[in-house]
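Structural description and commentary
Residues per chain are reported as follows:
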Amino acid sequence: MLILLTVPHATPPPRWIGKHPCDVTAETWAHILAEEFGESAMVLTATVHRDAKQGGADQNRPIGRGTIFRNTIDDLMSTTDLLLDIHSFPSRDSFGGDWDVVLLNPPEMCHARVAQRMPLRLEILQGALTRRGFHTTILRGNCENDIVVQARRTGTPAILVEMSERLDIAEAKNAVRAAFREWVFQTNSVEQEEEEDEEDNSSCTVL
Ligand SMILES: [Zn+2]
């Protein structure tokens, strides 16, 4: 089993005049989660800044395809069981609320093949985080969330995780790790049940 953690916005620009140079805590969170999954996990971080005005290209957009980062993801996709695309956001109202964690789900039209299983997976993760005190919401992403969209197109379950940069990482990390561990365990058993149901149904059809 391979859990691939991608961090497309971790690299700061060569020069910056704004307030938020990049997803400043995303890479740290990716490594914290990877530690939890041990040898099953791999972290890939883009080394190009996302802003074209700074000479970069957003690695989480269709325009970022074909880079070493994106090609490596593509190469790993056939052996990846789960992709977590990790981001971080700075302000209290970035997603219209005082959220600790935002789970972005691109619409079904972007990824019909695995779409039907994703809402339940997201609800299970939202529940695991909420029970541990993290204010968590699921929001609709869009077809520009290209890493998740492309992974789902190849049949790989994938979600986009946005972590608030206000979280105290030292304080929050054990609970966040526990929530993700519980989530992977629960979704694996849900999938096994679904597969068994599918087998039962197909044998009914034959009879
Ligand atoms: Zn980002």
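Let us now look at the overall build of the protein chain. Helix and strand counts for the protein chain stand at six helices and six strands. What you see for the protein chain is a C-alpha radius of gyration of 17 Å, in line with the 17 Å of a compact globule of 207 residues. Overall, the protein chain is about 70 × 40 × 35 Å in size when its C-alpha atoms are taken along their principal axes. Out of the 207 residues in the protein chain, the part that is buried amounts to 35%.

Averaged over the protein chain, the pLDDT score is 89; the fraction of residues at 70 or greater is 95%. In the model of the protein chain, helix 3 (residues 112-115) stands out as the element of lowest mean pLDDT, 75, in contrast to strand 1 (residues 3-7), which has the highest, 98.

What follows is about the pairing of strand 1. Counting buried positions along strand 1 yields five of five residues, so the element is predominantly enclosed. Of the two faces of strand 1, the one lined by Ile3, Leu5 and Val7 and the one lined by Leu4 and Thr6 are each fully buried. Here strand 1 runs beside strand 3 (residues 82-89); their pairing, made up of four bridges, is parallel. Within strand 3, the residue paired with Thr6 across the bridge is Asp85.

Let's shift gears to helix 1 (residues 26-37). With twelve residues, helix 1 should reach 16 Å at 1.5 Å per residue; the first-to-last C-alpha distance of 17 Å fits that figure. Taken together, the buried positions of helix 1 are Ala26, Glu27, Trp29, Ala30, Ile32, Leu33 and Ala34. Taken from the residues just after helix 1, Gly38 is the one with a positive phi, measuring 60 degrees.

With that settled, the discussion passes to the nonpolar core. Formed by 43 residues in total, the largest nonpolar core has its most connected members in Leu5, Ala30 and Leu84. Of all the elements, helix 1 adds the most residues to this core, at six residues. Aside from chain neighbours lying at most four places away, what touches Leu84 is Ile3, Leu5, Leu33, Ile159 and Val161.

Right, let's get into the environment of Leu104. Among the structural elements, Leu104 can be located in strand 4 (residues 101-105). Note: C-alpha distance between Leu104 and Gly141 (37 residues apart in sequence) is 4.9 Å. With residues up to four places along the chain from it excluded, the contact list for Leu104 reads Leu139, Gly141, Asn145, Leu160 and Glu162.

The next point concerns helix 5 (residues 146-153). Among the eight residues in helix 5, seven count as buried, and that is most of the element. Taken together, the buried positions of helix 5 are Asp146, Ile147, Val148, Val149, Gln150, Ala151 and Arg152. Buried residues along helix 5 sit against strand 1, helix 2 (68-76), strand 3, helix 3 and strand 6 (158-164). Among the residues trailing helix 5, Gly155 stands out with phi positive, at a value near 95 degrees.

What counts as what
Residues numbered from 1 in each chain as written. Predicted model: local features only at pLDDT ≥ 70, side-chain atom pairs only at ≥ 80, totals over all residues. Helix = DSSP H or I, 4+ residues; strand = E, 2+ residues; numbered from the N terminus. Rg over C-alpha atoms; globule rule 2.2 N^0.38 Å. Buried ≥ 20, exposed ≤ 12 C-beta atoms within 10 Å, placed from the backbone. pLDDT = per-residue confidence, 0-100. Pairing = 2+ DSSP bridges. Expected span 1.5 Å × (residues − 1). Core = buried A, V, L, I, M, F, W, Y, C linked by C-beta atoms within 7 Å. Contact = placed C-beta atoms within 7 Å.

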